[in-house]
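Results of the structural survey
Each chain is listed here by its residues.
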Amino acid sequence: MAYLSLVFQFSLPRYKSISRMTSEPAPTHAEPPPPPAEDTSETAWLGSITHILRLTITLTVIALTVWLLGDVLTVIFAATLFAVVLHGLSRILVKHLRLPYGWALGTVTLGLIAAVVLLVWGSGPAIVNEVSRLQDALRQQEAYVRSMLEGSETGLMILNYLPSSLGGHQGGSGGSLASLGSRIAGSMTGLVGSAFGVAGTIVVVLIAGLYFAMSPSVYANGALRLVPVAQRPRARALMLRAGHSLWAWVAGQSLDMLVVGVLSGVGLWFIGVPLALALGVLAGLCNFIPYIGAILGAVPALLLALSLGTRETIMVAALYSVIQFFEGNVLGPVIQRHAVQMPPAITILSQTLFGAILGFPGLIFASPLTVALLAIFDGLTPPLEDDERV
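Residues numbered from 1 in each chain as written. Predicted model: local features only at pLDDT ≥ 70, side-chain atom pairs only at ≥ 80, totals over all residues. Heavy atoms only, no water.

**A word on the nonpolar core**
When a protein is soluble and globular, its nonpolar side chains tend to lie buried together. Formed by 22 residues in total, the largest nonpolar core has its most connected members in Leu134, Leu268, Val273, Leu279, Leu304, Val316 and Tyr320. Of all the secondary structure elements, the ones that give two or more residues to this core are α4 (101-150), α9 (232-271), α10 (276-286), α11 (292-306) and α12 (310-338). In terms of residue count, the dominant contributor to this core is α11 (5 residues). When residues no more than four places from it in sequence are discounted, the contact partners of leucine 268 are Val273, Ala276, Leu279, Ala301, Val316, Leu319 and Tyr320. The next biggest cluster of nonpolar side chains, apart from the first, holds 18 residues, and it includes Ala79, Ala242, Leu246 and Val250. (Core = buried A, V, L, I, M, F, W, Y, C linked by side-chain atoms within 4.5 Å. Buried < 20%, exposed > 50% of the residue type's maximum accessible area, 1.4 Å probe, protein only. Helix = DSSP H or I, 4+ residues; strand = E, 2+ residues; numbered from the N terminus. Contact = heavy atoms within 4.5 Å.)

Here's what the structure looks like:
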């Protein structure tokens with residue numbers, strides 16, 4: 001027995017080691033090496049090509065939409081601009097009079113309707129008479145300017161280089177003149193004469209703008225639903241920024257138009273130019289179009305001043321020059337400091353672009369369109385650091 005116990009004690013550790021070796025899993029082969037890294041340059045190149053194609057297609061679709069539906073988009077933007085005006089005026093009443101928004105909007109709407117009715121009732125016949133006299137005076141003055149130009153060699157040279165649409169000989173027979181005076185007057189009264197289309201468009205703009213202002217959140221939220229969910233907060237911020245910028249521009253431009261119209265009317269009355277009231281109102285309305293509107297408003301006054309003499313013509317030209325200098329260097333910077341600042345070159349280029357695409361309505365709404373686009377662009381791009389500025 002002692003011999004068996006010794007044999008058992010000697011073989012037990014060896015048995016344990018053998019059982020341990022048989023129970024442990026066999027060593028596996030070495031893991032295969034990782035696959036070679038993909039060519040990141042080729043992936044980045046394909047991604048950039050895809051991005052460029054997507055951007056090109058998007059811009060093409062937008063351009064075709066604007067080109068084909070330009071008139072409809074202009075009406076929509078005009079209604080939106082009118083809604084911004086109603087909303088801004090209503091917010092003023094809400095802030096200062098503590099009225100509910102619905103009551104404030106109703107008060108603003110009724111106030112505007114009452115002002116138009118009183119203007120037409122009290123001064124409608126006088127305004128129509130003034131506009132008719134201004135149209136006749138411009139036609140007569142245009143004929144006088146044409147006869148004066150035809151009486152000199154320099155004048156004939158000018159007429160030969162002017163297109164027929166401006167009363168020149170180029171591109172048409174010299175006998176029939178689509179008079180410059182008639183065209184200028186037509187820009188004021190011809191709209192009433194061709195009438196029903198323009199009047200219907202104005203009615204659509206006013207009604208749609210009123211509905212937009214009554215429930216702005218309904219239409220804004222409907223537009224936001226077209227945006228991907230991840231981008232909706234940013235789109236909402238951009239929409240609010242564009243609306244605020246449009247309201248600031250309209251408020252500043254309205255003040256600018258009022259000042260220019262009053263100064264023009266008073267100055268023309270002081271010089272002795274006939275129809276000073278109508279010319280002042282025209283100058284103020286034309287100033288809705290920055291820079292180009294100042295020229296459009298000055299041309300009728302200069303044509304009428306020619307019938308009074310050279311001295312009056314020079315005085316009228318000096319008057320409009322002083323008014324525009326005051327507006328551009330004193331009044332404009334003060335308004336822009338509290339409203340929207342837009343570089344002059346961008347303003348003129350936007351008028352050229354939108355005028356070429358949308359015609360005369362595009363010229364009228366070029367500035368507010370550019371203001372909204374600049375506000376969106378400013379919200380999409382980060383500001384420059386001090387060391388990044390030129």
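**What about the confidence of the model for the chain?**
Confidence in the prediction for the chain averages 77 pLDDT; 78% of positions are at 70 or higher. Predicted confidence for residues 172-195 stays below pLDDT 50, and this span has 29 contacts to residues more than four positions away or in other chains. (pLDDT = per-residue confidence, 0-100.)

**Digging into the packing of aromatic side chains**
In the structure shown here, the tally under the stated rule is 3 aromatic pairs. Ring geometry for phenylalanine 77 against phenylalanine 365: centres 6.1 Å apart, planes inclined by 80°, an arrangement best described as edge-to-face. With a gap of 288 residues between them, phenylalanine 77 in helix α3 (residues 70-97) and phenylalanine 365 in the loop between α14 (360-364) and α15 (366-380) connect regions that are remote in the sequence. By relative accessible area, which is 14% here, phenylalanine 77 ends up buried. For the pair phenylalanine 212 and tyrosine 219, a centre-to-centre distance of 4.9 Å together with 65° between the ring planes defines the contact as edge-to-face. Taking relative accessible area as the criterion, phenylalanine 212 reaches 24% and is therefore assigned partly exposed. A residue is classified by how much of its surface remains accessible, and tyrosine 219, at 39% relative accessible area, is partly exposed. (Phe/Tyr/Trp six-rings, centres within 6.5 Å; stacked < 30°, edge-to-face > 60°.)

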